[in-house]
Number of protein chains: 2
Amino acid sequence: MSNLAESQLSSEQLVDGVLLRAFRDEVRLPDGNTSVREWIDHPGASAIVPVLDDGRTLLVRQFRYPPRRTFLEVPAGKLDEPDEDPVEVAARELEEETGWRAERFEKIGAAHPCIGYSNEIIHVFAAHGLQPTEQDLAEGEFVEVVDLALDEAVRRARAGELNDMKTITALVYAAAHVNEQADAA
Amino acid sequence: MSNLAESQLSSEQLVDGVLLRAFRDEVRLPDGNTSVREWIDHPGASAIVPVLDDGRTLLVRQFRYPPRRTFLEVPAGKLDEPDEDPVEVAARELEEETGWRAERFEKIGAAHPCIGYSNEIIHVFAAHGLQPTEQDLAEGEFVEVVDLALDEAVRRARAGELNDMKTITALVYAAAHVNEQADAA
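Definitions and limits used
- Residues numbered from 1 in each chain as written.
- Chains lettered and ligands numbered in written order.
- Predicted model: local features only at pLDDT ≥ 70, side-chain atom pairs only at ≥ 80, totals over all residues.
- Heavy atoms only, no water.
- Helix = DSSP H or I, 4+ residues; strand = E, 2+ residues; numbered from the N terminus.
- Buried < 20%, exposed > 50% of the residue type's maximum accessible area, 1.4 Å probe, protein only.
- Lys, Arg positive; Asp, Glu negative; His and termini not counted.
- Salt bridge = Lys/Arg side-chain N within 4 Å of Asp/Glu carboxyl O.
- Least-squares fit on C-alpha atoms with pLDDT ≥ 70 in both.
- Contact = heavy atoms within 4.5 Å.
- Core = buried A, V, L, I, M, F, W, Y, C linked by side-chain atoms within 4.5 Å.
- Expected span 1.5 Å × (residues − 1).
- Domains from an automatic or database assignment.
- Buried area = accessible area lost by both parts, 1.4 Å probe.
- Polar contact = N/O pair within 3.5 Å; in protein donor to acceptor, adjacent residues only side chain to side chain.
- Nonpolar A, V, L, I, M, F, W, Y, C, P; charged D, E, K, R; others polar.

## Side note on the side chain of A:E97
Logical step 1: Take A:E97: it is sitting in helix α1 (residues 86-98).
Logical step 2: Buried and unpaired, A:E97 has A:R64 as its nearest opposite-charge partner, separated by 6.0 Å.

In structure tokens, the structure reads:
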């Protein structure tokens, strides 16, 4: 493998917003030339696939303003700071968005949603030992909880019926995780 | 399903960059209150899973500046304009990035990488009838082509060994598509 890396020469902050932090960097390319990269600095996020004892999972329906439509998604949320423990974020977001608490979180993968213009990484957890508590949404958050069989959610993800990539990725990881558990049992 | 939609009250452009166009909008929430949404306006993209007659596929290895690492990815590229035909983008990007031309593209799905802060949609195509031509990279683009069995690429995506969500999504869609073709044969 040849060296493909680009190195930062300078960086200018374009936006320091409520949600978005955007930068424009000058970079050195592998061939020695320079170019410009514009990118979003993101603290990272956690996404959760609840694995209920009866085979169901929990998704959430939310309106997403940038694409201007609702999506059926796995519960997920941003880290408050880049050094926050992703499993704590998973526990908090699961309970706030769905009203269920988990006894145990298992890390089943991590992936980047948007490598062309964001450094975001999404940590994916399976949640086990689920008990109902109470949904506790932040102000301005509107979320409907939808429960369905995990198998059916995975089928929909593979069939192209869910259109959010973190949800597709998380459900594909969960299917592999559940199969591993079944193989080990 | 209750009405979860948010409506635009006003919009201010924060960045009009080389790559990024960012906006800050005031929105009306479902409960009548107002809030702020910051988002990236993106023209959309096409991603391609080449299906070679011998069972191989083609991935590309690229350094991605925002996460500061290399990824093994499906070939992909942005629409020049939001009304450009995604299949033309698929044909162009496949040939430029990999040096292979396809006789036939089949749309196998579409999904959003980053619904929290971007309106980007990625159209996913399977490419059939592949013939080698010549790689033709844009200035400042550094791409290594990697061929491997499509089955193995799908296995890696499911196992968490590829960490780019468009690549995971595209390979999962391709696996369903190839299975459908096998079932129909």
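More follows now that the structure is in view.
## Description of the pattern of salt bridges
Residue and element names in this part refer to chain A.
Logical step 1: Enumeration over the complete set of coordinates arrives at 38 salt bridges over all chains.
Logical step 2: Two residues, E12 and R24, come together in a salt bridge whose shortest N-O distance is 3.9 Å. Taken together, the positions of E12 in strand β1 (residues 7-16) and R24 in strand β2 (residues 21-28) put the pair 12 residues apart, joining distant regions of the chain.
Logical step 3: Classification of E12 by relative accessible area gives partly exposed; the value is 42%.
Logical step 4: One salt-bridge network, held together by shared partners, links R64, E73, D164 and K166.

## Side note on the relation of the copies chain A and chain B
Logical step 1: The operation relating chain A to chain B is a screw motion whose rotation component is 180°, with 0.0 Å of axial translation and a residual RMSD of 0.0 Å. Accordingly, the operation relating the two chain copies is best matched by a two-fold axis. Proximity to the rotation axis, assessed at the C-alpha, singles out A:P113 in chain A; its C-alpha lies 2.6 Å from the axis.
Logical step 2: Of the interface residues in chain A, 100% have counterparts in chain B that sit at the interface too, so the contact is made through matching surfaces.

## Concerning the nonpolar core
Logical step 1: Formed by 56 residues in total, the largest nonpolar core has its most connected members in A:V49, A:V74, A:L171, B:V49, B:V74 and B:L171.
Logical step 2: In contact with B:V49, not counting residues within four places along its chain, are B:T57, B:V74, B:F125, B:A126, B:A127, B:L150, B:A170, B:L171 and B:A174.
Logical step 3: Of all hydrophobic cores here, the second largest spans 12 residues; its members include A:C114, A:Y117, B:V15 and B:A22.

## Describing α1(A)
All names here are of chain A.
Logical step 1: Compared with an ideal rise of 1.5 Å per residue, which puts 13 residues at 18 Å, α1 spans 18 Å between its outermost C-alpha atoms and is within 8% of the ideal.
Logical step 2: Structurally, α1 contributes buried residues whose contacts are with β4 (45-50), β5 (56-64), β7 (76-78), β8 (100-111), β9 (122-132) and β10 (144-149).
Logical step 3: Within two residues after α1, G99 carries a phi angle of roughly 75°, on the positive side.

## Comments concerning the domain arrangement of chain A
All names here are of chain A.
Logical step 1: With domains assigned, chain A is organised as domain 1 (7-41) and domain 2 (45-184).
Logical step 2: Here domain 1 and domain 2 have C-alpha centroids that lie 30 Å from each other.
Logical step 3: Counting residues at the interface gives 5 residues for domain 1 and 4 residues for domain 2.
Logical step 4: Roughly 350 Å² is buried in total at the junction of domain 1 and domain 2, and carbon and sulfur atoms are behind 43% of that figure.
Logical step 5: For the interface between domain 1 and domain 2, the tally reads 0 salt bridges.
Logical step 6: For the pair domain 1 and domain 2, the interface holds 3 residue pairs in polar contact (both at pLDDT 80 or more).
Logical step 7: Classifying every residue of the side of domain 1 that touches domain 2 by side-chain character gives 3 nonpolar, no polar and 2 charged.

## Focus: the interface of chain A and chain B
Logical step 1: Each side of the interface is counted separately: chain A has 65 residues, and chain B has 65 residues.
Logical step 2: Buried area between chain A and chain B, both sides added, is near 5,900 Å², and the carbon and sulfur share of it is 68%.
Logical step 3: Considering only the surface of chain A that becomes buried against chain B, A:Y65, A:I115 and A:M165 emerge as the three largest contributors, covering 14% of it.
Logical step 4: Across the contact surface, chain A and chain B share 2 salt bridges.
Logical step 5: In this structure, A:R68 and B:D25 form a salt bridge, with 3.6 Å as the shortest nitrogen-oxygen distance.
Logical step 6: At the junction of chain A with chain B, the criterion picks out 18 residue pairs in polar contact (both at pLDDT 80 or more).

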